[in-house]
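# Inside the fold
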Amino acid sequence: MFEIIDTPLEGLKILKTKVFEDNRGVFKKIFSADEYERLGLTTELRESYFSVNKQDVIRGMHFQVPPADHIKIVYVLSGAITDVVLDIRKNSKTYEEVYSIKLSADDGQFIYIPKGFAHGFASLEDNTIVHYLQTSCYNAECDCGISYDSIGYNWNIEHPIVSGRDLSHPKLADFKNPF
């Protein structure tokens, strides 16, 4: 049912699901424990979120540190985003490398993000709905971020809308990395 696509960052996967469309609308499967196990992916999901975003919103770069670090699955229910992932695993060959991909409600693709990655996105349309599944619950003491504008990525947004929280994250060069 799922096609799995490797990325240049070890462990980071793009999943593609079949999109069923008929006169009623669209149907997509984004999670199946049996299929995930067959593909060697985790099935131990513990929390689910979604955000509704205006065009030019940037959220990120977010993650949780141990012991509440998590695998995250991200997909778009409505609209489109540029999804951006940063490898923050110190012993990785791709440490501090960035991967980005456009995800939309139309394409049937979503992203599987392992532990040790920071995640963010830029909303490309008003009312873009992004859904997240995670393997750990939110833990305020483990909640972290890196400033989106310090990772060497061109977000291609002239006047981004960014939360005060995200603006307060340390620059990548100043981040005290536990991974």
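It should be noted that the structure appears before, not after, this text.
Residues numbered from 1 in each chain as written. Predicted model: local features only at pLDDT ≥ 70, side-chain atom pairs only at ≥ 80, totals over all residues. Heavy atoms only, no water.

## Let's talk about the overall build of the protein chain
Along its length, the protein chain carries two helices and 13 strands. Over its C-alpha trace the protein chain gives a radius of gyration of 16 Å, about what one expects of a compact globule, namely 16 Å for 179 residues. Dimensions of the protein chain along its principal axes, counting C-alpha atoms only, are 50 × 35 × 30 Å. Sorting the 179 residues of the protein chain into buried and exposed places 51% on the buried side. Intrachain contacts of the protein chain at a sequence separation of at least 6 include 77% that bridge at least 24 residues. Accessible surface, the protein chain: about 9300 Å² in total, of which carbon and sulfur atoms supply 47%. One finds the centroid of the 19 positive side-chain charges in the protein chain at a distance of 2 Å from the centroid of its 26 negative side-chain charges. (Helix = DSSP H or I, 4+ residues; strand = E, 2+ residues; numbered from the N terminus. Rg over C-alpha atoms; globule rule 2.2 N^0.38 Å. Buried < 20%, exposed > 50% of the residue type's maximum accessible area, 1.4 Å probe, protein only. Contact = heavy atoms within 4.5 Å. Areas by Shrake-Rupley, 256 points an atom, 1.4 Å probe, with all protein chains shown as cover. Lys, Arg positive; Asp, Glu negative; His and termini not counted. Charge placed at Lys NZ, Arg CZ, Asp CG, Glu CD.)

## Some words on the pairing of strand 2 (residues 13-17)
Burial analysis of strand 2 places four of its five residues in the buried class, which makes it a mostly covered element. In this sheet, strand 2 lies alongside strand 1 (residues 2-6) in antiparallel orientation, the contact comprising five bridges. The partner of E3 across the bridge, within strand 2, is K16. In sequence, strand 1 turns back onto strand 2 through a hairpin of six residues, with G11 there showing a positive phi of about 95°. Here strand 2 pairs with strand 10 (residues 109-113) via four bridges, running antiparallel. Counterpart to K13 in the pairing with strand 10 is Y112. (Pairing = 2+ DSSP bridges.)

## Some details on the sheet that holds strand 7 (residues 72-78)
With antiparallel pairing, six strands are arranged side by side in an open sheet as 1-2-10-7-12-5. For this open sheet the edge positions go to strand 1 and strand 5 (47-53), each flanked by a neighbour on one side alone. Direction aside, neighbouring strands of the sheet carry axes that sit 25° apart on average. (Axes fitted to C-alpha atoms, helices over the stretch in contact; angles between N-to-C directions.)

## Here's the deal with the pattern of salt bridges
A side chain of one charge can pair with a side chain of the opposite charge when the charged atoms of the two come close. Going through the model one piece at a time under the given rule, you end up with seven salt bridges. Between R165 and D143 there is a salt bridge, and its shortest N-O distance comes to 2.7 Å. With a gap of 22 residues between them, R165 in helix 2 (residues 164-167) and D143 in strand 13 (residues 143-145) connect regions that are remote in the sequence. Under the relative-accessibility criterion, D143 is labelled partly exposed at 21%. The salt bridge partner of D149 is K171, with a shortest N-O separation of 3.1 Å. With a gap of 22 residues between them, D149 in the loop between strand 13 and helix 2 and K171 in the segment after helix 2 connect regions that are remote in the sequence. Here D149 falls in the partly exposed class, since its relative accessible area comes to 45%. (Salt bridge = Lys/Arg side-chain N within 4 Å of Asp/Glu carboxyl O.)

## Details of the environment of T82
Checked against the element boundaries, T82 lands in strand 8 (residues 80-87). Through-space distance from the C-alpha of T82 to that of G145 is 18 Å; in sequence the pair is 63 residues apart. Look past the residues within four positions of T82 in its chain and what remains in contact with it is S100, I101, K102, G120, F121, A122, L124 and Y153.

This is a description of form; function is not addressed.
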